[in-house]
Amino acid sequence: MLHLATKTPDSWVDRALAHPAVILLDHAHCEKKAAATAINMLFRYPQHASLLVPLSHLAREELLHFEMVLAHIRRRGDAFDRLAPSAYAAELVKMVRPAEPDRLLDFLLCFAMIEARSCERMALLADAWPDAALRELYRDLVLSEERHHSTYLALAADLYPSAAVEARLRTAMEHEARAVALPAPARDGQPRLHSA
Ligand SMILES: [Fe+2]
Ligand SMILES: [Fe+2]
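> In this structure, what is going on with the coordination of the iron ion (ligand 2)? I would like to understand it.
Ideal values for angles at a metal depend on the geometry: 109.5 degrees with four tetrahedral donors, 90 or 180 degrees with six octahedral donors. Protein-derived coordination of the iron ion (ligand 2) comes from E62 (OE), E115 (OE), E115 (OE), E145 (OE) and H148 (ND1), at a distance range of 1.9 to 2.7 Å. Residue classification places E62 among the buried residues on the basis of a relative accessible area of 1%.

Okay, structure coming up:
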């Protein structure tokens, strides 16, 4: 079960289908960032033994996803390149409190939110892409991203009392709903995986 406060509107799917190249490029960057995020946590929290193997595993999966999306970008005749990110992740991490142990809990819940929204939107695209190979790719990815969402929640549940996790999860879900409703970057006005 995905913990999200809002459902993605049909209008986002329509915009995504109108801009497949930019959605795939943004998606590739998101997979790369998801791997880097998990690895950063290994550097930031080496004292938390319970994080090490699950986040190492997660980072490797995200890099495989990066390679899979990259292969489809190339198959379509496009090139990987820089892309202005959506405001989503930067907005989301504004909810992270500065002092430990709150900080780690908030990071874990932010990352759980990103996985949940990615999963929800990839599931929509898994039904909507006109390209059968992309539908198949996204059906595969949905299962992994749903598992990653659960992994981050399980890591939080392992380290914090359940009442603290539940209370903060509610805040994270509300904050995430505002972040994902932010418009696409003004530079190109094109949709992103996590923009309006
Ligand atoms: Fe992924
Ligand atoms: Fe993921």
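On we go.
> Hey, could you run me through the side chain of H175 in this one?
Structurally, H175 is set in helix α7 (residues 162–180). Judged by its relative accessible area of 10%, H175 falls in the buried class. There is a polar contact of 3.3 Å between the side chain of H175 and the backbone oxygen of L92. Excluding its chain neighbours within four sequence positions, the residues that come into contact with H175 are E91, L92, K94 and M95.

> I keep staring at the environment of I23 and nothing clicks. Help me out?
Looking at the element boundaries, I23 is found in helix α2 (residues 20–44). Judged by its relative accessible area of 0%, I23 falls in the buried class. When the C-alpha positions of I23 and T6 are compared, they lie 21 Å apart, and in sequence the two are 17 residues distant. If sequence neighbours within four positions are ignored, I23 has contacts with W12, A16, L125, W129, P191, R192 and L193.

> Any chance you could explain the coordination of the iron ion (ligand 1) here in plain terms?
Protein coordination at the iron ion (ligand 1) comes from E31 (OE), E62 (OE), H65 (ND1) and E145 (OE), with a distance range of 1.9 to 2.2 Å. Taken together, the 4 donor atoms surrounding the iron ion (ligand 1) define angles of 88 to 141° at the centre, an arrangement classified as irregular. Between consecutive donor residues of the iron ion (ligand 1), the sequence gaps follow E-x30-E-x2-H-x79-E. Separating the iron ion (ligand 1) from the iron ion (ligand 2) is a distance of 3.4 Å, and E62 supplies a donor atom to each of them. Taken together, the residues span a long stretch of sequence, with H65 in helix α3 (residues 49–75) and E145 in helix α6 (residues 132–159) at a distance of 80 residues.

Scoring rules and cut-offs
- Residues numbered from 1 in each chain as written.
- Chains lettered and ligands numbered in written order.
- Predicted model: local features only at pLDDT ≥ 70, side-chain atom pairs only at ≥ 80, totals over all residues.
- Heavy atoms only, no water.
- Donors = N, O, S within 2.8 Å, 3.2 Å for Na, K, Ca; no water.
- Buried < 20%, exposed > 50% of the residue type's maximum accessible area, 1.4 Å probe, protein only.
- Helix = DSSP H or I, 4+ residues; strand = E, 2+ residues; numbered from the N terminus.
- Polar contact = N/O pair within 3.5 Å; in protein donor to acceptor, adjacent residues only side chain to side chain.
- Contact = heavy atoms within 4.5 Å.
- Tetrahedral: all angles 85-135°; square planar, octahedral: opposite > 155°, others 65-115°.

As far as function goes, none of this settles anything; it's purely spatial.
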